[in-house]
Amino acid sequence: MEFLVNEKSELLKKLDEEKALKRAEMHSFHRYYGKLIPAIPSAFIKKFTKKGGLVFDPFSGSGTTAVEALRNGRNFVGFEINPLAKNIAEVKTRKLDVNLLRQFNDKILDLIYTKEYKITEKDIPFLINRDHWFKDFVQTDLIKIKKAVDDFFENYLENSEKKDEYKKFYLMTISAILRNVSNADTRHVFPGISKRMRKLEAEGKIHIDVIASFARAIKKRAEYYDIYKDDVNAEIILADSSQADVEALRGKVDLIVTNPPYISSVRYIETLKIEMYWMEYVKNNVEYFTLADKMLGNDHLAKKDYETVGLTKYDEINVLIEDMKLIDMKNAKIIEVFFNNIEKVIEKMSIVLKSGGKAVIKISDSKIRKTKVETGRFMTLIAEHYGFKLKDVFLDEINNNSRSLTTARNTYSDIITHDYIIIWEKM
Ligand SMILES: C[S@@+](CC[C@H](N)C(=O)[O-])C[C@H]1O[C@@H](n2cnc3c(N)ncnc32)[C@H](O)[C@@H]1O
């Protein structure tokens, strides 16, 4: 099949029907940019797998595919390179007891309100320009909450197997409210203090109450957990999916649903910089950039990194790289690295998928220095090399969540034109 948009796709109809259904509130546990809309995994999980089957996402992010797999009675396994995202996905996919959470909520709030916790400078995490992001009392309240959570799980709870999972619920809720209690504008993708915020501040219209925000947030989130009925599990593995060992999964996966990072300049990690530092997933600049550099689509390159630009196995992609070299070596390198790494991921996808299994990819083209990069079509070229056959391709509306990311790109990378949904079948 040629890579041509199928306007009459039956699968597109199926997806539209799924979009009309109510989404699980669990998807709102924590902000994450570039989230899939839940209808995408849900529609294709129902269509292409049976109860008890195994769904895989090599870029699991905040776990949208994972949540939908569990909700629909399928198991899930995924890779994710960002430890914050891994933990968001984990907290959303653990079967926590709503009644227990309600009881824990009361006790933890009681500790916060009644106990005196001594807070010193060394309790406060490292964050560049910390005082720019958080008011003093906000920092103190956040630490107080953290101490009460630690105290509760250390001293007020019998040892239980699931202790860590319950504790993670509270830690990830702290992470989830950070942006709201910071000075950064919650309407912006990348953290920053906008004119609007400065104006509101000057007019005395900003009222931050950290403890009340936390109390509301845990109360609301505890109720999200009534959605998992079946005996299935999700495993999120912290790994670079272009390097990960997939032997244990060989031929076991029934369906892949994923949206890979877009090529160049979508700095997922930067959108959650405040959370990454405050929750201590990174403790300094070096750790931060080491992680950023490992991300697919990363555009943080030093000059020496792009003095030489290599090629791929694919003539059509090479033409693009050669053309880009004439315009801009840095972007030529970004494209080369992206496709060579995505090739490694596609190879792994082909190893884990059962024959006859489907892979559903949501991806869009990019424009880099006015040159169109047909990411979806090129990925399909690569996939055909690894035993996949193109079954269907149709366009999907870009949802607001990913639109905000695509318009927040940097200067040399233009906005995305389409979002494709591409279906491959493993032969
Ligand atoms: C478009 S997002 C996926 C979002 C996810 N579908 C969701 O709904 O939250 C792409 C993800 O790929 C992750 N990522 C980037 N490079 C990676 C790599 N080499 N290995 C594994 N994950 C990677 C990013 O951290 C990001 O979470």
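Up top you'll find the structure we're talking about.
Attention in this report is confined to the structure presented alongside it. (Residues numbered from 1 in each chain as written. Predicted model: local features only at pLDDT ≥ 70, side-chain atom pairs only at ≥ 80, totals over all residues. Heavy atoms only, no water.)

Digging into the overall build of the chain
Looking only at helices and strands, the chain has 17 helices and ten strands in total. Structurally, the chain occupies a C-alpha span of about 65 × 50 × 40 Å along its principal axes. Considering only contacts in the chain between residues 6 or more positions apart, those separated by 24 or more positions represent 80%. Accessible surface for the chain amounts to roughly 19300 Å². Of this, 49% is attributable to carbon and sulfur atoms. Averaging the coordinates of the 71 positive side-chain charges in the chain and doing the same for the 65 negative ones gives two points 2 Å apart. (Helix = DSSP H or I, 4+ residues; strand = E, 2+ residues; numbered from the N terminus. Contact = heavy atoms within 4.5 Å. Areas by Shrake-Rupley, 256 points an atom, 1.4 Å probe, with all protein chains shown as cover. Lys, Arg positive; Asp, Glu negative; His and termini not counted. Charge placed at Lys NZ, Arg CZ, Asp CG, Glu CD.)

Focus: the nonpolar core
Nonpolar side chains in soluble globular proteins tend to end up buried together. Within the largest apolar cluster, 91 residues are counted, with the highest numbers of intra-cluster contacts made by F134, F169, Y170, F214 and Y225. Each of two domains, domain 1 (10-91 + 229-426) and domain 2 (98-226), supplies a minimum of three residues to this core. Every residue in contact with Y225, bar those within four places of it in the chain, is listed here: M26, F29, V91, K92, R94, L96, V98, L101 and F169. In terms of nonpolar packing, the next biggest core, distinct from the first, is built from 49 residues, V246, L296, Y314 and F339 among them. (Core = buried A, V, L, I, M, F, W, Y, C linked by side-chain atoms within 4.5 Å. Buried < 20%, exposed > 50% of the residue type's maximum accessible area, 1.4 Å probe, protein only. Domains from an automatic or database assignment.)

Comments concerning the site of the ligand
The immediate surroundings of the ligand are formed by 23 residues, with Y32, S62, T64, E80 and N259 found nearest. A distance of 2.5 Å separates an oxygen atom of the ligand from a polar atom in the side chain of T64. At 3.3 Å, a backbone N or O of I81 approaches a nitrogen atom of the ligand. Protein chains bury 99% of the 600 Å² of accessible surface belonging to the ligand in isolation. By residue class, the composition of the shell around the ligand is ten nonpolar, nine polar and four charged. (Near = heavy atom within 4 Å. Polar contact = N/O pair within 3.5 Å; in protein donor to acceptor, adjacent residues only side chain to side chain. Nonpolar A, V, L, I, M, F, W, Y, C, P; charged D, E, K, R; others polar.)

Observations concerning the packing of helix 14 (residues 315-327) against helix 15 (residues 329-352)
Between helix 14 and helix 15, whose axes approach to 6 Å, the crossing angle comes to 160 degrees. Considering their axes alone, helix 14 and helix 15 lie roughly antiparallel with respect to each other. Helix-helix and strand crossings are classified by hand; for helix 14 and helix 15 the assignment is left-handed. On helix 15, the residues that touch I317, L320, I321, M324, K325 and I327 of helix 14 are M329, N331, A332, I335, E336 and F339. Taken together, the residues of the contact of helix 14 with helix 15 sort by class into nine nonpolar, one polar and two charged. (Axes fitted to C-alpha atoms, helices over the stretch in contact; angles between N-to-C directions. Parallel < 35°, antiparallel > 145°, perpendicular 65-115°, else oblique. Left-handed = near helix turned anticlockwise from the far one by under 90°.)

Observations regarding unusual backbone geometry
Phi is positive for E280, which is not a glycine, with a value near 65 degrees. With respect to the helices and strands, the residue E280 is situated in the loop between helix 12 (273-278) and helix 13 (285-294). Judged by its relative accessible area of 40%, E280 falls in the partly exposed class. A positive phi angle, near 45 degrees, is found at R369, a position not held by glycine. Within the element layout of this structure, R369 appears in the loop between strand 6 (366-368) and strand 7 (371-373). Owing to a relative accessible area of 36%, R369 belongs among the partly exposed residues under this scheme.

Focus on the sheet that holds strand 4 (residues 253-258)
Pairing in this open sheet of seven strands is mixed, and the strands run 3-2-1-4-5-10-8 from one edge to the other. Here the strands that pair on one side only, and so sit at the sheet edges, are strand 3 (234-238) and strand 8 (388-396). Taken pair by pair, the neighbouring strands of this sheet meet at an average axis angle of 15 degrees, ignoring direction. Here strand 5 (residues 353-364) pairs with strand 10 (residues 419-426) via seven bridges, running antiparallel. Looking at strand 10, one finds that S364 is bridged to D419. (Pairing = 2+ DSSP bridges.)

As for the pairing of strand 4
Most of strand 4 is tucked away, with six of its six residues classed as buried. Note that strand 1 (residues 54-57) and strand 4 share two bridges and pair parallel. Bridged to F56 within strand 4 is I256. In the sheet, strand 4 pairs with strand 5 via five bridges, with the strands oriented parallel. Counted as the bridge partner of T258 is I361 from strand 5.

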